[in-house]
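Results of the structural survey
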Amino acid sequence: MAGFNPGDILIDDFTINSPRSGSWQAAPNFLSGDIYETIFAPAVIANFEVIDVQDFLGQLQIAGDETVSFAYRTPNGTASSYQFHLNSVHDVGVEGAMKAKTYKIECVSREALTGQANHVQKTYNLPIDQIVAAIHKDYHKIGRAHV
């Protein structure tokens, strides 16, 4: 596809949902993001940066029970989506004359909150990439990464 580079993604949804004060569709304000797993935590961890020009985060009255919906796709159409719990919000800095704020939003998957991890005890006779895809599909049910 012309005009795209390897690693490019299209953001379909990035919504912060608060049970008290509604939601903020922050996809137009999305700056960057990382989604990863580590052997040090039994969960998927995500870090996003957004720019907030109208104090939407302040209006959400963040209290710690918010959820974050994130969906993206590659330019060729392969899609993935995640449901996270908001872990923390950090003010990164003020940008420009409009006093827009940049925030780092840290999220975790459900497993981090409940302390539960999925344990897979199954024999596979497949290439590694197919094993990982099968485990994500059959056990994690939290999304499928295609970047």
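Residues numbered from 1 in each chain as written. Predicted model: local features only at pLDDT ≥ 70, side-chain atom pairs only at ≥ 80, totals over all residues. Heavy atoms only, no water.

Okay, the environment of S18 next. For S18, the position within the fold is in strand β1 (residues 10–18). On the basis of relative accessible area, S18 is assigned to the buried category, the value being 8%. Placed 47 residues apart in sequence, S18 and D65 show a C-alpha to C-alpha distance of 7.1 Å. In contact with S18, other than residues within four places in its own chain, are L60 and E66. (Helix = DSSP H or I, 4+ residues; strand = E, 2+ residues; numbered from the N terminus. Buried < 20%, exposed > 50% of the residue type's maximum accessible area, 1.4 Å probe, protein only. Contact = heavy atoms within 4.5 Å.)

This part takes up unusual backbone geometry. At D55, a residue that is not glycine, the phi angle is positive and equals roughly 55 degrees. Mapping D55 onto the fold places it in the loop between β4 (41–52) and α1 (56–59). Residue Q61 is not a glycine yet carries a positive backbone phi of 55 degrees. Among the secondary structure elements, Q61 is positioned in the loop between α1 and β5 (67–73).

One open sheet holds the seven strands; their spatial order is β2-β1-β5-β6-β7-β4-β3, and the pairing between them is antiparallel. This sheet does not close on itself; its edge strands, each paired only once, are β2 (22–25) and β3 (30–38). Strand after strand, the sheet turns through a mean of 25 degrees between neighbouring axes, direction not considered. One ladder, built from nine bridges, connects strand β6 (residues 79–95) with strand β7 (residues 100–108); its direction is antiparallel. Bridged to H90 within β7 is K104. (Pairing = 2+ DSSP bridges. Axes fitted to C-alpha atoms, helices over the stretch in contact; angles between N-to-C directions.)

With 21 residues, the main nonpolar core has F14, F48, F70, F84, I105 and C107 as its most contacted residues. Secondary structure elements with two or more residues in this core: β1, β4, β5, β6 and β7. Counting residues per element, this core draws most heavily on β4, which supplies four residues. For F14, the contacting residues outside a window of four places in its chain are W24, Q25, A26, A27, F30, F48, V50, V68, S69, F70 and I105. (Core = buried A, V, L, I, M, F, W, Y, C linked by side-chain atoms within 4.5 Å.)

Turning to the pattern of salt bridges, a few remarks are in order. Any two side chains of opposite charge can pair, so long as their charged atoms come close to each other. Applying the stated rule across the entire model yields five salt bridges. A salt bridge links R20 to D65; the nearest nitrogen and oxygen atoms lie 2.8 Å apart. Of the two residues, R20 is situated in the loop between β1 and β2 and D65 in the loop between α1 and β5; the sequence distance between them amounts to 45 residues. In this structure, R20 engages E66 in a salt bridge whose closest nitrogen and oxygen atoms are separated by 2.4 Å. Taken together, the residues R20 in the loop between β1 and β2 and E66 in the loop between α1 and β5 connect sequence positions 46 residues apart. Under the relative-accessibility criterion, R20 is labelled partly exposed at 39%. Using a relative accessible area of 1% as the deciding quantity, one classes E66 as buried. Residues participating in the shared-partner salt-bridge network are R20, D65 and E66. (Salt bridge = Lys/Arg side-chain N within 4 Å of Asp/Glu carboxyl O.)

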